[in-house]
Amino acid sequence: MIRFILCLLYPLLLIPLYLDWSRAQAEGQIDKMQAAVFNTPGSEAPVPPMVVIGGVGLLAGYGLWARLLRLPGWARLLAMLLGAPLGVAVFTYRQAEK
């Protein structure tokens, strides 16, 4: 049970941090796109590659964490399916407070 809770805490704690970071990266990218639109249209990608790499890293880290905890496949999936929406809810709640 404790291993499941630890696996559940991974997305619950790290998804809000990732979403805060990726939002800041995307807003910076929008600024770059707006500055570049007059000089070289379409030269800036809408999603920075670091955001994609960060998301893949977050998922890979979850897989490694769950494997380290030796959770069965169904428990890994259940922890992610419960933790991810809770992490997004924490992010949304913190954004609403700002």
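Calculation criteria
- Residues numbered from 1 in each chain as written.
- Predicted model: local features only at pLDDT ≥ 70, side-chain atom pairs only at ≥ 80, totals over all residues.
- Heavy atoms only, no water.
- Helix = DSSP H or I, 4+ residues; strand = E, 2+ residues; numbered from the N terminus.
- Rg over C-alpha atoms; globule rule 2.2 N^0.38 Å.
- Axes fitted to C-alpha atoms, helices over the stretch in contact; angles between N-to-C directions.
- Parallel < 35°, antiparallel > 145°, perpendicular 65-115°, else oblique.
- Left-handed = near helix turned anticlockwise from the far one by under 90°.
- Contact = heavy atoms within 4.5 Å.
- Nonpolar A, V, L, I, M, F, W, Y, C, P; charged D, E, K, R; others polar.

*Asks:* What exactly am I supposed to notice about the overall build of the chain here?
*Replies:* Helix and strand counts for the chain come out as three helices and zero strands. Taken from the N to the C terminus, the helices and strands of the chain come in the order α-α-α. For a compact globule of 98 residues, the expected C-alpha radius of gyration is about 13 Å, and the chain comes in at 17 Å, more than 25% above that figure. Dimensions along the principal axes, computed over C-alpha positions, put the chain at roughly 55 × 30 × 15 Å.

*Asks:* I'm lost on the packing of helix α2 (residues 49–68) against helix α3 (residues 73–97) in this one. Help?
*Replies:* When two helices pack together, their arrangement is given by the angle between the helix axes and the distance between those axes. Between α2 and α3, whose axes approach to 10 Å, the crossing angle comes to 135°. Classified by the angle between their axes, α2 and α3 sit oblique to one another. Regarding α2 and α3, the two cross each other, and that crossing is right-handed. Contact with α2, carried on its side by L59, Y62, A66 and R67, involves R76, A79 and M80 of α3 and no other residues of that element. Tallied by class, the residues present in the contact of α2 with α3 amount to five nonpolar, no polar and two charged.

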